[in-house]
Each structure stands twice: as structure tokens, then as C-alpha cells.
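One letter stands for each residue in the lines below.
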Amino acid sequence: SNMSIAPLMNGLAIGGLLIAILNFATSAGSKMEETHFWNLYCGAEHDDTDGFTERREDATMAVTSTGTKSCDTYTINWGAFAYFISSFVILGVTILCYWVLRKLPITAYYVKLAQEDCQNERNNDSTTTSTTTTNGNNGDTDNTAVNISTIWNTIKYPTLAIFFSLLVILTLFPAWTLKLASNSKCTSRNRIHNDLFIPMTIIIFNVFDLLGRIVAGYFYSTFLEDGCNVNVVSKRLFYGSLVMFLFLPLFMLCHTSSSSSSFLQQHHFIIQSDIYTLALLSIMAFANGALLTLSFSHGPRLLPPQKHVQELASMIMNFVVAFAALLGSLCSFPYVWIAAFKTSV
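Below you will find a few notes about this structure. (Residues numbered from 1 in each chain as written. Predicted model: local features only at pLDDT ≥ 70, side-chain atom pairs only at ≥ 80, totals over all residues. Heavy atoms only, no water.)

### Here's the deal with the overall build of the protein
Inference 1: Assigned secondary structure in the protein consists of 12 helices and 0 strands.
Inference 2: Mapped from its N terminus to its C terminus, the protein presents α and β elements in the order α-α-α-α-α-α-α-α-α-α-α-α.
Inference 3: By residue count, 35% of the 345 residues in the protein fall in the buried class.
Inference 4: Carbon and sulfur atoms provide 66% of the accessible area of the protein, an area that totals close to 20,300 Å². (Helix = DSSP H or I, 4+ residues; strand = E, 2+ residues; numbered from the N terminus. Buried < 20%, exposed > 50% of the residue type's maximum accessible area, 1.4 Å probe, protein only. Areas by Shrake-Rupley, 256 points an atom, 1.4 Å probe, with all protein chains shown as cover.)

### What to know about the state of the cysteines
Inference 1: Applying the stated criterion across every chain, the model contains 1 disulfide.
Inference 2: With a sulfur-sulfur separation of 1.8 Å, Cys42 is cross-linked through a disulfide to Cys186. When the S-S torsion is -70°, as for the bridge of Cys42 with Cys186, the disulfide is left-handed. With Cys42 in helix α2 (residues 31-42) and Cys186 in the loop between α6 (137-172) and α7 (197-225), this residue pair connects regions lying 144 residues apart in the sequence. In this pair, the class of Cys42 matches that of Cys186, namely buried. (Disulfide = S-S within 2.5 Å.)

### Some points on the packing of helix α11 (residues 274-301) against helix α12 (residues 307-339)
Inference 1: Their axes nearest at 10 Å, the elements α11 and α12 cross at an angle of 150°. One way to sum up the angle between α11 and α12 is to call them roughly antiparallel. For the pair α11 and α12, the sense of crossing is right-handed. For the pair α11 and α12, contact is made by Ser295, Phe296, Gly299 and Pro300 and by Gln310, Met317 and Val321, respectively.
Inference 2: Here the contact of α11 with α12 is built from residues that sort into 4 nonpolar, 3 polar and no charged. (Axes fitted to C-alpha atoms, helices over the stretch in contact; angles between N-to-C directions. Parallel < 35°, antiparallel > 145°, perpendicular 65-115°, else oblique. Left-handed = near helix turned anticlockwise from the far one by under 90°. Contact = heavy atoms within 4.5 Å. Nonpolar A, V, L, I, M, F, W, Y, C, P; charged D, E, K, R; others polar.)

### With respect to the environment of Asn190
Inference 1: In this fold, Asn190 is placed in the loop between α6 and α7.
Inference 2: Owing to a relative accessible area of 40%, Asn190 belongs among the partly exposed residues under this scheme.
Inference 3: Of note is the side chain of Asn190, whose polar atom sits 3.0 Å from the backbone nitrogen of Ile192. (Polar contact = N/O pair within 3.5 Å; in protein donor to acceptor, adjacent residues only side chain to side chain.)

### Here's the deal with the nonpolar core
Inference 1: Grouped together as the largest cluster of nonpolar side chains are 39 residues, with contacts concentrated most on Leu172, Trp176, Met244, Phe247, Phe251, Met284 and Tyr335.
Inference 2: If one sorts the elements of this core by residue count, α7 sits on top with 10 residues.
Inference 3: Core analysis: the next-biggest nonpolar cluster, separate from the first, contains 12 residues, Met9, Leu167, Phe296 and Val320 among them. (Core = buried A, V, L, I, M, F, W, Y, C linked by side-chain atoms within 4.5 Å.)

### Here's the deal with a nonpolar patch on the surface
Inference 1: A contiguous nonpolar patch, built from Leu96, Trp99, Val100, Leu101, Leu104, Ile106, Tyr109, Tyr110 and Leu113 and spanning about 900 Å² of accessible area, is present on the exposed surface.
Inference 2: Within the residue set of the nonpolar patch, elements represented by two or more residues are α4 (78-103) and α5 (105-133).
Inference 3: Along the polypeptide, Leu96 turns up in helix α4. (Patch = residues over 30% accessible without salt bridge, like charges linked within 9 Å, V, L, I, M, F, W, Y side chains within 5 Å. Salt bridge = Lys/Arg side-chain N within 4 Å of Asp/Glu carboxyl O.)

### Looking at the pattern of salt bridges
Inference 1: Scanning the model with the defined rule gives 3 salt bridges in all.
Inference 2: Arg191 is paired through a salt bridge with Glu34; the nearest N and O atoms lie 4.0 Å apart. Linking Arg191 in the loop between α6 and α7 with Glu34 in helix α2, this pair joins segments that are 157 residues apart in sequence.
Inference 3: In this structure Arg191 comes out as buried when scored by relative accessible area, which is 16%.
Inference 4: Its relative accessible area of 7% is what places Glu34 among the buried residues.
Inference 5: The closest approach of N and O atoms between Arg191 and Asp195, which form a salt bridge, is 2.5 Å.
Inference 6: Overlapping salt bridges bring together Glu34, Arg191 and Asp195 as one network.

### Some details on unusual backbone geometry
Inference 1: Cis peptide bonds are those with omega within 30 degrees of zero, and the linkage from Phe173 to Pro174 qualifies with 5°.
Inference 2: In this structure, Pro174 sits in the loop between α6 and α7.
Inference 3: With a phi close to 65°, Cys186 is a non-glycine residue in the positive phi region.
Inference 4: By relative accessible area, which is 1% here, Cys186 ends up buried.

### Digging into the side chain of Arg191
Inference 1: Among the polar contacts listed, one links the side chain of Arg191 to the backbone oxygen of Ser27, at a separation of 3.0 Å.
Inference 2: Polar contacts involving the side chain of Arg191 include one to the main-chain carbonyl oxygen of Ala28, which spans 2.9 Å.
Inference 3: If near-sequence neighbours (up to four positions away) are discounted, Arg191 is found in contact with Ser27, Ala28, Ser30, Glu33, Glu34, Leu196 and Phe197.

The structure is reproduced here in C-alpha cells:
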């Protein structure tokens, strides 16, 4: 059977992809984004013989006409307006769909099933409680402590896989990935190589992250149908998360906006290829999506279906996710400093 967690993981990825597409569309429809990019990165790097005369004149027209900034600074950015207003539209549609869903007969049927399951579980819990209380309070406390220790020992491999995968991803994304730049930056008229390069990389990341999550569901079902030992699957997830650390040095070799004066560039370690950058980003996103989905799906399956056991496991996994997010964000600072390290040589 397929995993119940898969629709949730896929839904999160789809939401991220839709936002990335919307971000790309609003950036592509905004002339201000293009002129700001050329002013910031390309205005003084090329002479007029490169064919960028008209573009540079457009970018600086507001300043050269009067010597000061014109009223263009205060014009409405309709792309940004569409980006933010869409969130309200999506929220409204979601609320409407939820209201309609609650009225459907199939929803009432599954709600009734869930209520019956909860009632049966309460009856089982009350029976278990009455049995354990006869053994004394000390025995019940020891049982809870053992449960926590046992749960961690059971799910530690998929939980650590979640931790290491998120640690690597959040060290690189977005602190370092937003510095990625096309090798044709400021030498091509195509906006994909200039101001739209970063929005495009965000779409690519979300697309392959979604593909990884979708494929993970298929392979996980295949593993179980083939009779693969669950402990073997746990260790494979853990080892796979350790492989994610290879992306840290590999991304240092990508061409970025700070590569021109970095130590790696001065010693010719930077790979001047958009294919390398985009392929590496795609592989990392796919591996991240697959590992997270497999680990979140595999962990609860290792435990019995009792409510308190699953709640403790969920608490442990949620804590690990929060801690990985915090540590990954902190690690991004030294990573960016090392990757963009500059020398006076």
C-alpha cells in the first residue's frame, strides 16, 4: 500500500513550486527588475560596442534626464502587486474548497470512520491504563521512560537522515544558491542569463524536489513489496543523507556573483558552466525530496500503531526538523564566508 504521508509531502512541494512559478512570472513582467539588475551588475562593465547601449540608456534614463531620481521610483510595481494579491485569492479558494469538501457525503463517511477509530482507541487506552495502575506508579513511570528510549532507538536512522538532509539543504538554500550566477551574465541579452537566472533556479529546485517526493513513494512501496528488511531501509536512508554532504564542496565550484574575486576563482577552481550549476542543483533537490519523503514515511512504520507511541515519534521528528532548520541557518554564515573567501593576492 502507498504511504499516507506522501500526499502531504507532495502538496508542500506543489505549493512551493506554484510560488516559484509566480515569482518568476512577476519578475519577468517587471521592467524595474531588469533595469535594476543592469544598473547594479552590468552598468559599468561593458562599453557601448557590446550592443547594450539602448538597455543601459533605459536603465539610467531616470537619473541622466534631470541629474536626480525621477518619479519612476514611486510608480506601482504591478508584478509585485499580482504576486501578493494572488496569495489572498489562493487563500480564498482554499477556504471555499474546504467548505465544499465538508459538505460532501464521502467526507461524512470518512469522518464517521475516524470517530469510530478514536472511540475504539480510547477504549483500548482505558483498558491498558487500568491494567498498568495495578502495578503501581513506579512501574508506569519506568514504562514511559522505556518507551521514549525505545522509540528513539527504533527511528534514529530515518530521523538522522531527516536531520542531515535538512542541515545540508538549509546551509546552501537560499544563502548560497541566491548567489548563483549564469556564466553568460552581462554578456547576453537573454534575461534568463541575467535577472531571471535566480528565479529560474528556484523553479528548477522545486520541480526536482517534487519529482523526488513523487518517485520516493513508488520506490518505497517497491522495497516493501520485495520484502526488503525495514532495518536495511533505515540504514540506507541514513547513509544516503551522509552523501548529501558532498554537495557542500561541489557548490563552492559553481559560478556565483562573488566568484570574480574569490580565492577559488583566483586559483581556477570555479567551473564556468551553467550546465554544471543547474545539474548539481537538480540532483540535490531530487535527493532532498526523496530522502525527506522516505524518512518521514519510514519512521512511523517502524513503530506500533498505538496513539501515544506515534505522538512521541512525531514529537521527536518535529524537534529534529526545527533543530536542523536552526543549525542549517547558522551554518550558512560560515559556509558563505568560506566559499566567497577573498585574498589580496
